[in-house]
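What the coordinates show
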Amino acid sequence: MNTKSISRRRFAHLVGIGAAAALVRPRVSFATEPSPARSTSSSGGIVRLSANENPYGPSKKAIEMMNGSYNLCCRYPDEHNDMLIDALAKLNGVSPEQILLGDGSGEILKFAAETFTGPSAGKMVVADPTFESIAHHAEVNGAEVVKVPLTPSFAHDLAKMGAAAKDGLIYVCNPNNPTASITPKNELRNFIANTARSTIVFVDEAYFHYADSPDYESVISLIKDHPNLIVARTFSKIYGMAGLRCGYCVAQKETIEKMRPRVMFDSVNCMALAAAHASLQDVDQVTNGKRLTNDAKTFTVTELDRLGYKTIPSQANFIMFDCKRPVVPLIAAMKQRNVQVGRLFPAMPNHMRLTIGKKSEMEAFLSAFKQTV
Amino acid sequence: MTSIWDLANAQLRDLAVYEPGKPIEETARELDVDPAQIIKLASNENPLGPSPKAVEAMRAALGTAQLYPDGGAFYLRNAIAERVGFARENIILGNGSNEVIEFLCHVFLRAGDDIVTSQYAFIAYKIIATVFGARTIEIATREFEQDLDAMLAAITPKTRLIFIANPNNPTGVISDQRKIDMYMSRVPENIVTVFDEAYFEFIDRPPDTLRYVREGRNVVVLRTFSKIHGLAGLRVGYGIAPNELIKVLQKAREPFNVNSIAQTGALAALADVEHQRLTKRVVDEGRAYLEREFTAMKLRFVPAVANFIMIHVGDGARVFKEMLARKVIVRPLKGYGLAEWLRISVGTMEQNKKCIAALKEVLSK
Ligand SMILES: Cc1ncc(COP(=O)(O)O)c(C=O)c1O
Ligand SMILES: Cc1ncc(COP(=O)(O)O)c(C=O)c1O
């Protein structure tokens, strides 16, 4: 399945004339069924603020690289897989054996749930509310799932989560989806230090790039001391590549080896590999993306505040605010006005999750929201 | 102290790793030559590349790459369904057809179960079954022919899945309609049969397995965009099965398993009948040429029907290495227990000729 031969390679070389010339010319369902044709863009009159996507799209460098890669589409992407792994290893200061790629970080969550939870491997402990996918996978695997409510400040209640765990895996989503809140760095650091090594601590840093609080930090640097720590990242958010499907995790080599057998051979496609590799070289994309998102976020939060709606302090590219009434009918009413907002999170039925789009999209949202309420 | 390592599935520990074909770039670097000089005939890929129409469609799709894909793959499943004469509800998409094999194992196998397949069968079945703690019963072939009778006879109370690659990779043999009908008339209802037809579009008169899907039997037919459509890098394959069976398989699928560029590219590729026809013609001519040359060289080979041929060279590892030194990548088969054989994918005529020239040099040494 996943190739183990890891070696140094340069991507640009392969995309150029070289390769072109060489061609000579379960139990719970995640999959929704059936899906009618859906809106795929905010441009067709639909404002899509429901899936925490990046409205600015992939990096120009990524687009360029993909445009140069069509000739590689007929080849299995093993080599590019290794090259992206090398680049990610360098970026994170770890060795290539410490990186696993997935068909989106969603697939990484699946690998982790399947490997480390189940009737014999142990429980899955998650916050409530949080990103639900890993808990679904644990259930599919026959694992017990324990949900621990967030604290009043919307941080993970690490003490209670630790107490509830037995072997298995504790999922810490930081920043947390759907609340956009963070769990303070000192608390998380201590928690990781004090968790028994028989329990995996899985920290999902999908929204890492958007967090700028002094109280936030990535825990990738702690991996060297903690064989039971796994950190996941994705190219779906700040890199604007949700459609392409590429995510990864970092952990100690032995931990990665436990998950590796579940990795389908060539699970990340050649376009995603090309785009991810190019994106890593585009530092402006991250800076600009953060700035534009923060501006649009400040605008939206201020307007909502003016209207009397309180937003949970957001460290991500989405917000959650108290809409002071059941959100479900609101979601439907907004849809009527061509604005798609986040789904219901049952633990917070009077809150709406809203992706931060472009400023124009946020204006469209606000005007529809005002009319609706 | 118990560690998490002791708790993880024991059978994962010693699992074989799939060895892909040696990549072009790596070979070029090792030989210190331009990658353009390397001929890769190692992964049964399409030597003509993707359909130009698919490329056009992909280019347009880059504009929405920041949005999650359509999880239900409405358009692509509809188009496939129409092509094969079924409804959308009879189609499941995988991140490569390999992933549909994963769904099958995920959904049907528990630790201690069995799968039955043929000796020398495509190795993914065994690798994936092992991940789920299942045993693979491999039935000896007769001159590489899959022995479907013996496979039926080998069924145990624990058998859940039977995998028949038709034609099989790497041997290239195909079971004909009569054998398949005989098999289907005898296979117990509680067993799911998988006909892996990754190379279906290359076959002149392929046996019809879809009739059994139509009859509602427990049959899954696998096809892929990696071969005739030249989209191996995009990762999209599919299963065709009765609706209830598809519903079960959907439970193992992640909503966004097939990326949006692949969905768009595959849709356009499916419609580009001209590119499929051209690819088949190049492969037909190349295969005939290679077989003529092998015959003239007095090399044993397994008569082929798809875009690859298995030949007997004696010391497979040596010939592989010496072909590599001549800038031709072929596939050694030691991992399949076929150390005396090589598998050669059919390339363009120019590539085929260079491959034969290199092979002649290597074998005359
Ligand atoms: C916290 C979190 N983790 C993981 C994912 C999955 O992202 P992907 O599979 O696109 O990498 C998401 C998607 O919204 C998310 O919010
Ligand atoms: C018989 C067979 N089945 C399945 C596959 C996997 O193809 P895909 O690229 O669709 O995962 C292959 C690839 O070589 C194959 O030979």
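For clarity, every value in this text was computed on a predicted model and none was experimentally measured. (Residues numbered from 1 in each chain as written. Chains lettered and ligands numbered in written order. Predicted model: local features only at pLDDT ≥ 70, side-chain atom pairs only at ≥ 80, totals over all residues.)

1. Quick look at the overall build of chain B
Operational definition: Numbering of helices and strands runs from the N terminus; a helix is a DSSP stretch of H or I covering at least four residues, while a strand is a stretch of E covering at least two. Using C-alpha atoms as the atom set, the radius of gyration is obtained and then compared with a globule rule of 2.2 Å times the number of residues to the power 0.38. Three classes are used. A residue is buried when 20 or more other C-beta atoms lie within 10 Å of its own, exposed when 12 or fewer do, and partly exposed in between, with C-beta atoms placed from the backbone.
Regarding its fold elements, chain B presents 14 helices and 12 strands. Against the compact-globule benchmark of 21 Å for 365 residues, chain B has a radius of gyration of 21 Å, which places it among compact chains. For chain B, the C-alpha atoms occupy an extent of roughly 55 × 55 × 50 Å along the three principal directions. Looking at chain B as a whole, 56% of its 365 residues qualify as buried.

2. Digging into the overall build of chain A
Per the secondary structure count, chain A includes 13 helices and 11 strands. Across the 373 residues that make up chain A, the buried fraction comes to 57%.

3. Some thoughts on the site of ligand 2
Going by this rule: For each residue, a C-beta position is placed from the backbone atoms; the residue is near a molecule or strand when that point lies within 6 Å of it. Note on residue classes: Ala, Val, Leu, Ile, Met, Phe, Trp, Tyr, Cys and Pro are nonpolar, Asp, Glu, Lys and Arg are charged, and everything else, Gly too, is polar.
The environment of ligand 2 is made up of 13 residues, and the closest members are B:Gly96, B:Asn169, B:Thr224, B:Ser226 and B:Gly237. Here the shell around ligand 2 is built from residues that sort into 4 nonpolar, 8 polar and 1 charged.

4. A few points about the site of ligand 1
For ligand 1, the set of nearby residues contains 13 residues, the closest of which are A:Gly104, A:Ser105, A:Gly106, A:Thr234 and A:Ser236. Here the residues of the shell around ligand 1 sort into 4 nonpolar, 8 polar and 1 charged.

5. Thoughts on the domain arrangement of chain A
All names here are of chain A. Heads up, the condition is: What fixes the domain bounds is an automatic or database domain assignment. Residues are treated as contacting if the C-beta atoms built from their backbones sit within 7 Å of each other.
By domain assignment, chain A separates into domain 1 (67-280) and domain 2 (283-372). When each unit is reduced to the centre of its C-alpha atoms, the spacing between domain 1 and domain 2 is 26 Å. Between domain 1 and domain 2, the contact holds 20 residues from the first and 19 residues from the second. Residue composition of the side of domain 1 that touches domain 2, by class: 13 nonpolar, 5 polar and 2 charged.

6. Points about the pairing of strand β6 (residues 192-196) of chain B
Residue and element names in this part refer to chain B. Heads up, the rule is: By definition, two strands form a pair when at least two bridges between them are found by DSSP.
Counting buried residues along β6, 5 of its 5 residues qualify, which places the element largely inside the surrounding structure. Residues Val 192, Val 194 and Asp 196 of β6 are buried on one face, and the alternating residues Thr 193 and Phe 195, pointing to the opposite face, are buried as well. Where strand β5 (residues 159-165) meets β6, 5 bridges bridge the pair, whose relative direction is parallel. Pairing of Ile 162 across the sheet is with Thr 193, part of β6. Sheet topology note: the β6/strand β7 (residues 219-224) ladder contains 4 bridges and is parallel. Its bridge partner lying in β7, Asp 196 is registered against Leu 222.

7. Describing the packing of helix α3 (residues 52-61) of chain B against helix α11 (residues 260-271) of chain B
Residue and element names in this part refer to chain B. Test applied: Note on geometry: axes are C-alpha line fits, over the in-contact stretch for helices, and angles between N-to-C directions span 0 to 180 degrees. Orientation labels follow simple angle bins: below 35 degrees gives roughly parallel, above 145 gives roughly antiparallel, 65 to 115 gives roughly perpendicular, and whatever is left gives oblique. By definition, turning the near helix anticlockwise from the far helix through less than a right angle yields a left-handed crossing, and turning it clockwise yields a right-handed one.
Where α3 contacts α11, the two axes come as close as 8 Å, and the packing angle between them is 150°. It follows from the interaxial angle that α3 and α11 lie roughly antiparallel. Of the two possible hands of crossing, α3 and α11 adopt the one that is right-handed. When α3 is examined against α11, the residues Lys 53, Ala 54, Glu 56, Ala 57, Met 58 and Ala 61 are found in contact with a partner set consisting of Ser 260, Ile 261, Thr 264, Gly 265, Leu 267, Ala 268, Ala 269 and Ala 271. Grouping the amino acids of the contact of α3 with α11 by side-chain chemistry returns 9 nonpolar, 3 polar and 2 charged.

8. Some details on the domain arrangement of chain B
Residues and elements named next belong to chain B. Under the domain assignment, chain B is made up of domain 1 (4-49 + 274-364) and domain 2 (56-271). Its C-alpha centre places domain 1 at a distance of 23 Å from the equivalent point of domain 2. Between domain 1 and domain 2, the contact holds 29 residues from the first and 23 residues from the second. When residues of the side of domain 1 that touches domain 2 are traced back to their parent elements, those giving at least two are α12 (273-296) and β9 (308-312). In terms of residue count, the dominant contributor to the side of domain 1 that touches domain 2 is α12 (4 residues). The residue makeup of the side of domain 1 that touches domain 2, split by class, is 16 nonpolar, 9 polar and 4 charged.

9. Let's talk about the environment of B:Ile91
All names here are of chain B. Here Ile 91 is to be found in strand β2 (residues 91-94). Sequence spacing of Ile 91 and Leu 245 is 154 residues, and the spatial spacing of their C-alpha atoms is 10.0 Å. Apart from the residues lying within four places of it in its own chain, the contact partners of Ile 91 are Arg 77, Ile 80, Ala 81, Phe 86, Tyr 238 and Ile 240.

10. A word on the pairing of strand β7 (residues 229-234) of chain A
All names here are of chain A. With 6 of 6 residues buried, β7 lies mostly within the body of the structure. Burial of β7 is two-sided: the residues Leu 229, Val 231 and Arg 233 facing one way and the residues Ile 230, Ala 232 and Thr 234 facing the other way are all buried. Where strand β6 (residues 200-204) meets β7, 4 bridges bridge the pair, whose relative direction is parallel. What sits directly across from Asp 204, in β7, is Ala 232.

11. Concerning unusual backbone geometry
The linkage connecting A:Asp128 with the following residue, A:Pro129, adopts the cis geometry, with an omega of 0°. A:Pro175 follows A:Asn174 through a cis peptide bond whose omega is -5°. Checked against the element boundaries, A:Pro175 lands in the loop between β5 (169-173) and α8 (185-194). A positive phi angle, near 45°, is found at B:Ala73, a position not held by glycine. Relative to the assigned elements, B:Ala73 resides in the loop between α3 and α4 (74-84). Judged by the 28 C-beta atoms lying within 10 Å of it, B:Ala73 is buried. Phi at B:Tyr120 takes a positive value of approximately 65°, unusual for a residue other than glycine. Mapped onto the elements, B:Tyr120 comes out in the loop between β3 (114-118) and α6 (124-131).

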